[in-house]
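Spelled out, the chains give:
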Amino acid sequence: MLQVNFIRENFEKAVLGLKKRNFAGAEAALNQLVQLDDARKNIQLESDQLQAESNAISKTIGKLMQSGQIEEAERVKSRTSEIKSQVKALEDHYARQENELVQLLYTIPNIPHETVVPGFGAEDNEVVHSHGTIPELTPSNNLPHWELIKKYDIIDFELGVKIAGAGFPVYKGKGARLQRGLVNFFLDEATKAGYTEIQPPILVNEDSGYGTGQLPDKEGQMYFCNEDGLYLIPTAEVPITNLYRNEILQAADLPVKNVGFTPCFRREAGSWGAHVRGLNRLHQFDKVEIVHISHPDNSYEALEQMSDYVQGLLQKLELPYRVLRLCGGDMGFTSALTYDMEVFSAAQERWLEVSSVSNFETYQATRLKLRFKEDKKTILAHTLNGSALALPRIVAAILENNQQEGGIKIPQVLIPYLGFEWIN
RNA sequence: AGAGAGUUGGGUGAGUGGCUUAAACCAGCAGUUUGCUAAACUGUCGUACGUGUCAAAGCGUACCGGGGGUUCGAAUCCCCCACUCUCUACCA
């Protein structure tokens, strides 16, 4: 969430930023925010003063009791009970006021970075880079991946339906080994690039959901274990970033660079329709995620570094891709700047999003209370994350783009991980 | 899952209702001494919100696992919850 002080000091900038996101009533909401915060301060001031008085009286009573002036002590007590009820009323009022403030803050998305263009949806995103050539498939070898997986019997959706439901594929034989090989490849590459590997829990509590911004509002997108109050993670971003909830790091600890592999679970309520066949959209999928905690001064360098890193993976996998800088209207709620990486899937003739790399600046850190110490000052850190990478669409593109007469040719870099060169 | 014992600052650890404004030690930081290192000594050393200010210092309030209660006053007493350790039971 945003910080009220930031809004006070950058009111116009904040309004303009929210307009890029087509956030209706930005000015009114921000004005209300400042008013609620003013009211909160006034109540606190009054309450603090009364409590200071009460504390002083209590000390006096203590001294009177010790020196045996019981009657005098009793007389002073009457004033404190008066204060007590006033303080109680003020505290209740304060709690209501603060709650209203926080609820409003939860509804306001992050302010986009200055380079983010206004826009309404995917059609307004900017292509900032592209790489590789789009493969030309021959008429006899241009099957979409959902046909290829049947042809070679490597992924079975019907079996998944039998044991779980739609959107829970079963990977078999070389299909399973391809998954495992990709995960190992991604983790090894990340380790080489200086990331620390983390294996986090894949169920998280409510506080963690709030920490990274999935809650409130996105509860409908997460699977929830009612008995235990735990959510299945939609991405490793949630547990790995929440590792640092309520922490104060040292400036020398930065940047923190973690990587983790987890399955991800998404209910995807209401998002089924065209273009979701096969591996394009699933309830459960595997993903390797990179998470940075950065000094505010160089978080945008870190973002570029992460973008370059992800592009390097795609190059090694020999997949044609493009990089989009998302417009205000298409960016996630908590992000200030997001790059999407899309690979071209030759048989579907579509670009598929395989990674999303974002800088959240202090939006997550404010909720997480994630700070660091520098020169005796406590400063909010910047958080960033990105997929490196999400498996299903990578698999879809590898299958479609590399299909030949003799089967599907495995990219060179994966062969040591798989122990076979062809799926046939 | 049952029984018992615990949870205090970065760490160790004292503290059973009012000189506690959380002792002491260690670590950290700054300084003094010193040819260098070490040691010694002195000082400093939490977080949040508010107030104040150009900025700060300072001041106020809250915080001793989390939440609630008793009391003029709670680290201390009571209740609920979480976690840790030991034993028992169970288990991949």
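These lines cover the structure that appears in this document, whether it is placed above or below.

Conventions we followed
Residues numbered from 1 in each chain as written. Chains lettered and ligands numbered in written order. Predicted model: local features only at pLDDT ≥ 70, side-chain atom pairs only at ≥ 80, totals over all residues. Heavy atoms only, no water. Phe/Tyr/Trp six-rings, centres within 6.5 Å; stacked < 30°, edge-to-face > 60°. Helix = DSSP H or I, 4+ residues; strand = E, 2+ residues; numbered from the N terminus. Buried < 20%, exposed > 50% of the residue type's maximum accessible area, 1.4 Å probe, protein only. Lys NZ or Arg CZ within 6 Å of the ring centre and 35° of its normal. Contact = heavy atoms within 4.5 Å. Polar contact = N/O pair within 3.5 Å; in protein donor to acceptor, adjacent residues only side chain to side chain. Near = heavy atom within 4 Å. Core = buried A, V, L, I, M, F, W, Y, C linked by side-chain atoms within 4.5 Å. Expected span 1.5 Å × (residues − 1).

### Focus: the packing of aromatic side chains
Reasoning step 1: Per the stated rule, a full pass over the model turns up eight aromatic pairs.
Reasoning step 2: Measuring from centroid to centroid gives 5.7 Å for Tyr106 and Tyr210, while their planes differ by 35 degrees, and the two rings are tilted. Here Tyr106, found in helix α4 (residues 70-106), pairs with Tyr210, found in helix α8 (residues 206-212); they are 104 residues apart in sequence, far enough to count as distant.
Reasoning step 3: Its relative accessible area of 26% is what places Tyr210 among the partly exposed residues.
Reasoning step 4: Where Phe185 meets Tyr417, the ring centres are 5.8 Å apart and the plane angle is 75 degrees; that geometry is what we call edge-to-face. Of this pair, Phe185 sits in helix α7 (residues 174-192) while Tyr417 sits in helix α13 (residues 415-418), and the two are 232 residues apart along the sequence.
Reasoning step 5: Site record: aromatic cluster; members linked through ring pairs are Phe185, Phe186 and Tyr417.
Reasoning step 6: The cationic tip of Lys174 hangs over the ring face of Phe420; the distance from NZ or CZ to the ring centre is 4.7 Å.

### Describing the environment of Glu289
Reasoning step 1: Relative to the helices and strands, Glu289 resides in strand β10 (residues 284-294).
Reasoning step 2: Here the alpha-carbon distance between Glu289 and Tyr231, two residues 58 residues apart in the chain, equals 18 Å.
Reasoning step 3: Setting aside its immediate chain neighbours within four residues, Glu289 contacts Thr235, Ala236, Glu237, Asn258, Val259, Gly260, Asn385, Gly386, Ser387 and Ala388.
Reasoning step 4: Among the polar contacts listed, one links the side chain of Glu289 to the side chain of Lys287, at a separation of 2.6 Å.

### A closer look at the protein's contact with RNA strand B
Reasoning step 1: Near RNA strand B lie 20 residues; those nearest to it are Arg40, Gln44, Asp48, Ser58 and Lys373.
Reasoning step 2: Within 4 Å of the protein, the contacting atoms of RNA strand B are drawn from sugar and phosphate to the extent of 73%.
Reasoning step 3: With respect to RNA strand B, the side chain of Arg40 contributes an N or O atom lying 2.8 Å from a phosphate oxygen.
Reasoning step 4: For RNA strand B, a phosphate oxygen lies 3.3 Å from a polar atom in the side chain of Asn55.

### Topic: the nonpolar core
Reasoning step 1: In this structure, Leu182 and Ile394 are the most contacted members of the largest nonpolar core, which totals 60 residues.
Reasoning step 2: Not counting the four nearest positions on each side in its chain, Leu182 is found in contact with Leu317, Leu391, Ile394, Val395, Ile398 and Leu414.
Reasoning step 3: Core analysis: the second largest hydrophobic core is formed by 21 residues, Met1, Ile7, Val15 and Ala29 among them.

### A look at α4
Reasoning step 1: The terminal C-alpha atoms of α4, which comprises 37 residues, lie 52 Å apart, in line with the 54 Å expected from a rise of 1.5 Å per residue.
Reasoning step 2: Within α4, the full set of buried residues consists of Ala73, Val76, Thr80, Ile83, Val87, Leu90, Gln97, Leu101, Leu104, Leu105 and Tyr106.
Reasoning step 3: For α4, the elements touching its buried residues are α1 (4-9), α3 (26-66), α8 and α11 (363-368).

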